[in-house]
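Summary of structural features
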Amino acid sequence: DTGVSQNPRHKITKRGQNVTFRCDPISEHNRLYWYRQTLGQGPEFLTYFQNEAQLEKSRLLSDRFSAERPKGSFSTLEIQRTEQGDSAMYLCASSRRWESEAFFGQGTRLTVV
Amino acid sequence: GEDVEQSLFLSVREGDSSVINCTYTDSSSTYLYWYKQEPGAGLQLLTYIFSNMDMKQDQRLTVLLNKKDKHLSLRIADTQTGDSAIYFCAVPNYGGATNKLIFGTGTLLAVQP
């Protein structure tokens, strides 16, 4: 399977704990995006990487959130001191170039209890 | 900023045509996209249209674009129960370092057998 892969698919954590999600983009795609989707809403942009450089962060990405793409391949999204409001589906997408279509992974469903 | 609006719900009978509508505010978008999301899953790219086109047909899917009115529609011919899902219109926003996608709230399509 050469699509975008995200792990884990589901994560349940207690409030205050740290969590980390992983995204493996399509191999020849140098652009990688993270989005967050809450129930009943469309996805909202969080952050963007071109190769290993994080070039844009949304205002939604508070100081508790950090994303990395150390070698320009896979990416991780970490949430520190999780809050109940962080409960959402976290989606990763990748694309080949500026105007090309973005392909999404299956997402990681986070539940903070 | 970019705003994308969709109706929330559409119910059709199996075999009928479905038309899902979308309006947007930013006229500078080069491509406009339709994504499909099944329950608990990520987003599947269905089709897209280039902004200099009025219509694009792809098997059972027809996309119509009215740039003057900033209106996009997706027609599904011979709708099947497997088409039941949430459909998102997505428009690129070019502010910042990348062409991040702005999504509508999604239209839930329910296909009755």
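Residues numbered from 1 in each chain as written. Chains lettered and ligands numbered in written order. Predicted model: local features only at pLDDT ≥ 70, side-chain atom pairs only at ≥ 80, totals over all residues. Heavy atoms only, no water.

Description of the nonpolar core
B:Leu32, B:Trp34, B:Leu72, B:Leu74, B:Tyr87 and B:Cys89 are the most contacted members of the largest nonpolar core, which has 21 residues in total. Contributing elements (two or more residues each) for this core: strand S3 (18-24), strand S4 (31-37), strand S5 (43-50), strand S7 (61-66), strand S8 (71-76), strand S9 (85-93) and strand S11 (107-112) of chain B. With four residues, the top contributor of residues to this core is S9(B). By size, the runner-up hydrophobic cluster in this structure holds 19 residues, among which are A:Val4, A:Ile26, A:Cys92 and A:Leu110. (Core = buried A, V, L, I, M, F, W, Y, C linked by side-chain atoms within 4.5 Å. Buried < 20%, exposed > 50% of the residue type's maximum accessible area, 1.4 Å probe, protein only. Helix = DSSP H or I, 4+ residues; strand = E, 2+ residues; numbered from the N terminus.)

A few points about the state of the cysteines
All names here are of chain A. What the rule picks out here adds up to two disulfides over all chains. Paired by a disulfide, Cys23 and Cys92 hold their sulfur atoms 1.9 Å apart. Note on the Cys23 and Cys92 pair: the S-S dihedral is about -65°, so by sign convention the disulfide is left-handed. Taken as a pair, Cys23 in strand S3 (residues 19-24) and Cys92 in strand S9 (residues 88-95) lie far apart in primary sequence, 69 residues in all. (Disulfide = S-S within 2.5 Å.)

Quick word on the interface of chain A and chain B
Across the boundary between the two partners, chain A contributes 24 residues, which contact 23 residues of chain B. When the two sides are added together, the surface that chain A and chain B hide from each other amounts to roughly 1,900 Å², 55% of it contributed by carbon and sulfur. Applying the counting criterion to the chain A and chain B interface returns one salt bridge. B:Lys100 serves as the salt-bridge partner of A:Glu56, at 2.7 Å between the closest nitrogen and oxygen. At the boundary of chain A with chain B, the tally comes to five residue pairs in polar contact (both at pLDDT 80 or more). For the side of chain A that touches chain B, the secondary-structure elements that each account for two or more residues are strand S4 (31-37), strand S5 (44-50), strand S6 (53-57), S9 and strand S10 (103-104) of chain A. Per-element accounting of the side of chain A that touches chain B gives the leading share, four residues, to S4(A). (Contact = heavy atoms within 4.5 Å. Buried area = accessible area lost by both parts, 1.4 Å probe. Salt bridge = Lys/Arg side-chain N within 4 Å of Asp/Glu carboxyl O. Polar contact = N/O pair within 3.5 Å; in protein donor to acceptor, adjacent residues only side chain to side chain.)

Quick notes on unusual backbone geometry
Cis geometry is found at the peptide bond from A:Asn7 to A:Pro8, where omega equals -5°. Mapping A:Pro8 onto the fold places it in the loop between strand S1 (5-7) and strand S2 (10-13). Look at A:Arg81: it is not a glycine, yet its phi comes out positive at around 50°. In this structure, A:Arg81 sits in the loop between strand S8 (75-79) and S9. Backbone geometry at B:Lys70 places phi at a positive 55°, although glycine is not the residue there. Given the relative accessible area of 26%, B:Lys70 is considered partly exposed.

Observations regarding the sheet that holds strand S6 (residues 55-58) of chain B
All names here are of chain B. Pairing is antiparallel across the open sheet formed by five strands, whose spatial order is S1-S3-S8-S7-S6. Taken across any chain shown, the strands that pair with only one partner, and hence form the sheet edges, are strand S1 (4-6) and S6. Averaged over neighbouring strand pairs, the angle between their axes works out to 15° when direction is ignored. Bridge count between S7 and S8: six bridges; the pairing is antiparallel. Bridge pairing in S8 links Val63 to Leu74. (Pairing = 2+ DSSP bridges. Axes fitted to C-alpha atoms, helices over the stretch in contact; angles between N-to-C directions.)

Focus on the sheet that holds S1(A)
Residue and element names in this part refer to chain A. Spatially, the four strands line up as an open sheet ordered S1-S3-S8-S7, and their pairing is antiparallel. Two strands close off the open sheet at either side, each with one partner strand: S1 and strand S7 (65-68). For this sheet the average axis-to-axis angle between neighbouring strands, irrespective of direction, equals 15°. Here five bridges tie S3 to S8, and the two strands are oriented antiparallel to one another. Its bridge partner lying in S8, Arg22 is registered against Thr76.

Everything listed here is a matter of coordinates, which is why it stays silent on function.
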